[in-house]
Amino acid sequence: MCGIVGYTGPRQAYPIIIKGLRRLEYRGYDSSGVALLDNKGGLNIYKKKGKVAELEDYTIGKDLGAQMGIGHTRWATHGEPSDNNAHPHLSLNGRLTMIHNGIIENYAQIKQELLTKGYSFTSDTDTEVLLNFIEYIQNSNNCNLEEALRIALKRVTGAYCILLIDKENPQTIIAARKGSPLVIGIGKGEHFLASDASPIIEYTKEVVYVNDYELAIINPDELILKNLGNETITPYITKLDMELAAIEKGGYDHFMLKEIFEQPSTIFDCLRGRLDAEKGSIIMSGVQEHIDQLKNAQRIIILACGTSWHAALVAEYVIEELCRIPVEVEYASEFRYRNPIINKGDIIIAVSQSGETADTLVAIEKAKEKGAFIFGVVNVVGSSIARISHAGAYTHAGPEIGVASTKAFTGQLAVLFMIGLKIAYDKGSITEDRFRKLLVELQDVPEKVEAILKNANEIKKIADKYKNATDFLFLGRGCNFPIALEGALKLKEISYIHAEGYPAAEMKHGPIALVDEELPVVFIATKDPFHEKIVSNMQEIKARKGKIISIITEGDLVSPSLSDDFFAIPAADELIAPILSIIPLQLLSYYTGVAKGIDVDKPRNLAKSVTVE
Ligand code: G6P
């Protein structure tokens with residue numbers, strides 16, 4: 001949460017920073033701000049509550065000429081969204097300016113200490129406390145800023161990525177990270193800093209991913225990387241494999257719509273080079289290199305949050321069915337605060353789009369400490385989770401900008417499915433015949449998704465019809481139960497309509513009390529061995545006059561007769577069906593949100609990358 005950008009070099013810093021902040025708005029949009037420092041030490045700080053567009057309006061006509069600057073887009077933690085609480089913050093003596101992504105957990109104690117030393121604060125943020133703490137240490141120890149920062153960071157607990165500038169050193173940015181991401185772009189006589197690579201790619205493809213407990217001192221011509229013990233580290237330069245077009249809307253009204261429509265190609269990219277249905281093979285080096293460990297696992301624990309957790313739930317059905325290995329799916333946030341039991345032979349799979357979710361990261365670290373083998377299923381290349389996992393497989397969905405996850409989810413399903421299939425094949429827990437059949441089925445998914453998207457307009461009509469509902473119920477069985485959860489989550493996130501997902505059979509244990517003629521009930525009722533059961537559940541809702549919207553398999557003649565509205569998708573094996581059945585639900589939430597006039601790419605209170613607990 002929170003996005004940060006920095007620039008030092010020969011160009012005007014402001015346009016680079018503003019463009020970068022717009023790209024990082026998915027990380028939070030409660031307020032934004034920039035600090036611009038010119039070569040003579042002239043400092044201008046502009047900050048505004050609200051989205052980056054408000055800051056841009058506010059800066060019209062202001063002095064924006066500096067060639068160095070830092071910028072921040074905020075997801076509020078300490079202190080409400082306001083101009084005062086917006087970053088950058090200025091230290092008491094007016095010399096230091098800082099932006100921060102993360103949470104300083106012991107800020108209250110440090111603030112108390114500083115108050116007794118005569119410090120006062122203009123905001124409610126933990127950031128201003130850390131900044132003044134650095135200033136205080138610098139003054140009282142009479143040391144340089146870098147040393148003061150090192151001392152301060154050894155005292156603080158929590159997570160941070162900070163960019164710090166000093167009026168007396170107008171070309172230098174000092175950065176440090178622990179738990180929140182930082183990428184440094186290396187140009188010719190210039191450096192770019194950001195929370196992810198998207199603000200950087202049009203200027204340079206050479207980047208350095210800063211690690212936890214590292215500190216960077218950055219000038220236009222120089223990047224010095226050190227650890228908190230003041231030892232110099234050689235920066236490891238990585239080449240970015242990302243194109244600018246991937247982070248632009250490409251003619252769509254919203255990133256979310258673009259990302260939904262990209263799914264035939266993102267799923268194809270995910271399968272490409274891995275799955276070969278003709279040869280009957282799956283090549284995944286991360287799995288192959290550890291195949292003995294994986295196929296002999298006593299238990300697989302999948303850790304994730306949000307939509308990724310729903311992908312993990314689908315994987316539980318798939319892996320147990322194909323590999324006959326017990327699978328447990330855990331919310332990373334719960335797992336990390338327990339004393340989890342990890343036995344020899346247990347495998348952890350961490351699923352994350354961003355690869356930066358704080359709870360997932362810490363949960364993995366905890367499992368690692370206990371000796372677990374970590375396999376990461378991550379979308380963002382080079383992200384923290386990708387780097388701390390022992391092995392992994394990328395989802396290759398490309399940058400996902402819309403706050404509600406869509407293409408990353410189907411990518412996760414495809415990768416997890418391939419992992420399950422590969423383990424099962426090597427283990428001998430499925431027949432050659434079934435293996436081959438599922439390979440073909442998976443290979444056909446992009447085409448089937450394409451076919452579903454051709455009928456998107458039908459979903460738009462359904463969305464328009466039900467947009468004023470106050471509640472929705474989503475029901476599914478088996479592998480489609482997590483899809484019911486995901487459908488409900490999407491609708492909540494994007495349309496603000498209260499929605500709940502349930503296993504269809506559980507409906508009788510409570511949710512049925514909500515059913516009346518106003519309540520839309522979405523059944524994910526594709527053809528599978530439980531189809532007759534879910535048809536009975538539809539009957540039960542119909543008998544109570546609920547409105548039935550069903551997602552069905554093409555050719556099903558029974559479900560339409562029970563439904564007020566239905567949407568048919570191509571037939572697929574029950575284990576693969578979730579990758580298809582989620583698509584109409586993504587569209588339903590998108591069109592409902594748009595019909596209600598909601599900014600679907602930036603729904604209220606949410607952030608895409610949750611880097612605080
Ligand atoms: C946030 C996002 C969700 C995402 C979840 C987990 O809540 O809004 O879309 O599913 O975080 O994020 P991750 O990056 O770990 O998949």
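Here the structure is shown first, and the text comes after it.
All figures in this text were calculated on a predicted structure; none of them were measured in a lab.

Caption draft 1: Examining the overall build of the chain more closely. A tally of helices and strands in the chain yields 21 helices and 27 strands. Taken over C-alpha atoms, the radius of gyration comes to 25 Å for the chain, in line with the 25 Å a tight globule of 613 residues would show. When its C-alpha atoms are laid out on the principal axes, the chain stretches across 80 × 55 × 45 Å. Going through the 613 residues of the chain one by one, you find that 61% of them count as buried. Sequence separation of 24 or more characterises 71% of the internal contacts of the chain that already satisfy a separation of 6 or more. Here the chain has roughly 23100 Å² of accessible surface; of this, 49% comes from carbon and sulfur atoms. Counting 66 positive and 80 negative side-chain charges, the chain places the centres of these two groups 1 Å from one another.

Caption draft 2: Structural detail: the site of the ligand. Around the ligand sit 13 residues, and of these Ser308, Ser352, Gln353, Ser354 and Thr357 come closest. Here an oxygen atom of the ligand and a backbone polar atom of glutamine 353 are 2.7 Å apart. Notes on the ligand: free accessible area 380 Å², of which the protein chains cover 91%. When the residues that make up the shell around the ligand are grouped by side-chain class, the tally is four nonpolar, eight polar and one charged.

Caption draft 3: The arrangement of the packing of helix 10 (residues 306–323) against helix 14 (residues 407–427) in detail. Look at helix 10 against helix 14: their axes get within 9 Å of each other, and the N-to-C directions meet at 20°. By the angle between their directions, the pair helix 10 and helix 14 is classed as roughly parallel. The handedness of the crossing between helix 10 and helix 14 is right-handed. In this structure, helix 10 contributes Thr307, Ser308, His310, Ala311, Ala312, Val314, Ala315, Val318, Ile319, Leu322 and Cys323 to the contact, and helix 14 contributes Phe409, Gln412, Leu413, Leu416, Phe417, Gly420, Leu421, Ile423, Ala424 and Lys427. Looking at the contact of helix 10 with helix 14 residue by residue, the class counts come to 15 nonpolar, five polar and one charged.

Caption draft 4: Local environment of the side chain of threonine 410. If you trace the backbone, threonine 410 turns up in helix 14. One polar contact links the side chain of threonine 410 to the main-chain carbonyl oxygen of lysine 407, over a distance of 3.2 Å. If we ignore the near neighbours within four places in the chain, the residues touching threonine 410 are Gln263, Ile267, Ile579, Ile582, Ile583 and Gln586.

Caption draft 5: Summary view of the packing of aromatic side chains. Following the criterion strictly, the structure yields nine aromatic pairs and no others. A ring pair is formed by tyrosine 7 and phenylalanine 192, whose centres lie 5.1 Å apart and whose planes are at 50°; its orientation type is tilted. Here the residue tyrosine 7 occupies a position in strand 1 (residues 3–8), and phenylalanine 192 occupies one in strand 10 (residues 191–194), the gap between them amounting to 185 residues. Comparing tyrosine 7 with phenylalanine 192, the two get one shared label, buried. Judged by centre distance (4.8 Å) and plane angle (10°), the rings of phenylalanine 192 and tyrosine 203 are stacked. Highlighted residues: phenylalanine 192 in strand 10 and tyrosine 203 in the loop between strand 10 and strand 11 (206–209), separated in sequence by eleven residues. According to the relative accessible area criterion, phenylalanine 192 is buried, its value standing at 1%. In this arrangement the basic side chain of lysine 51 is found over the ring face of tyrosine 29, its NZ or CZ atom lying 5.6 Å from the centre. Directly above the aromatic system of tyrosine 496 lies the positively charged group of arginine 604, at a separation of 3.8 Å from the ring centroid.

Caption draft 6: Region of interest: the sheet that holds strand 24 (residues 498–503). Within the open sheet, the five strands sit side by side as 24-23-25-26-27. Their pairing is parallel. Of all strands in the sheet, those with a lone pairing partner are strand 24 and strand 27 (565–569), marking the two edges. Between one strand axis and the next, the sheet turns by 15° as a mean value, whatever way the strands run. Pairing of strand 26 (residues 547–553) with strand 27, which is carried by five bridges, proceeds in the parallel orientation. Along strand 27, the bridge assignment pairs isoleucine 552 with alanine 568. Packing of helix 18 (residues 480–495) onto the sheet brings it into contact with strand 23 (471–476), strand 24 and strand 25 (520–525), and relative to strand 24 it is tilted by some 175°.

Caption draft 7: Just unusual backbone geometry, in detail. Between histidine 87 and proline 88 the backbone carries a cis peptide bond, its omega angle lying at 0°. Within the secondary structure, proline 88 sits in the loop between strand 4 (68–74) and strand 5 (89–90). Residues other than glycine seldom take positive phi values, yet tyrosine 213 does so here, at roughly 65°. Along the polypeptide, tyrosine 213 turns up in the loop between strand 11 and strand 12 (214–219). The residue lysine 545 is not glycine, and still its phi comes out positive at about 70°. Among the structural elements, lysine 545 can be located in the loop between helix 19 (531–543) and strand 26.

Caption draft 8: Seen up close, the pairing of strand 23. Within strand 23, five of the six residues are buried, leaving the element largely enclosed by the surrounding structure. In this sheet, strand 24 lies alongside strand 23 in parallel orientation, the contact comprising six bridges. Across the sheet, residue leucine 473 finds its bridge partner in strand 24, namely glutamate 500. Handedness of the crossover joining strand 23 and strand 24 through helix 18: right-handed.

Caption draft 9: Highlighting the sheet that holds strand 7 (residues 158–166). Spatially, the seven strands line up as an open sheet ordered 5-6-7-8-12-13-14, and their pairing is antiparallel. Edge positions in the sheet fall to strand 5 and strand 14 (232–233), since each has one partner strand and no second. Sheet analysis places strand 5 next to strand 6 (residues 96–104), joined by two bridges and oriented antiparallel. Within strand 6, the residue paired with histidine 89 across the bridge is methionine 98.

Caption draft 10: Here's a closer look at the environment of isoleucine 583. Relative to the helices and strands, isoleucine 583 is located in helix 21 (residues 577–595). Placed 414 residues apart in sequence, isoleucine 583 and asparagine 169 show a C-alpha to C-alpha distance of 52 Å. Once residues within four sequence positions are removed from consideration, isoleucine 583 is found in contact with Gln263, Thr410, Val449, Ile452 and Leu453.

What counts, and where the lines are drawn
- Residues numbered from 1 in each chain as written.
- Predicted model: local features only at pLDDT ≥ 70, side-chain atom pairs only at ≥ 80, totals over all residues.
- Heavy atoms only, no water.
- Helix = DSSP H or I, 4+ residues; strand = E, 2+ residues; numbered from the N terminus.
- Rg over C-alpha atoms; globule rule 2.2 N^0.38 Å.
- Buried < 20%, exposed > 50% of the residue type's maximum accessible area, 1.4 Å probe, protein only.
- Contact = heavy atoms within 4.5 Å.
- Areas by Shrake-Rupley, 256 points an atom, 1.4 Å probe, with all protein chains shown as cover.
- Lys, Arg positive; Asp, Glu negative; His and termini not counted.
- Charge placed at Lys NZ, Arg CZ, Asp CG, Glu CD.
- Near = heavy atom within 4 Å.
- Polar contact = N/O pair within 3.5 Å; in protein donor to acceptor, adjacent residues only side chain to side chain.
- Nonpolar A, V, L, I, M, F, W, Y, C, P; charged D, E, K, R; others polar.
- Axes fitted to C-alpha atoms, helices over the stretch in contact; angles between N-to-C directions.
- Parallel < 35°, antiparallel > 145°, perpendicular 65-115°, else oblique.
- Left-handed = near helix turned anticlockwise from the far one by under 90°.
- Phe/Tyr/Trp six-rings, centres within 6.5 Å; stacked < 30°, edge-to-face > 60°.
- Lys NZ or Arg CZ within 6 Å of the ring centre and 35° of its normal.
- Pairing = 2+ DSSP bridges.
- Right-handed = clockwise from strand over helix to strand, strands pointing away.

Keep in mind these numbers describe shape, not what the thing actually does.
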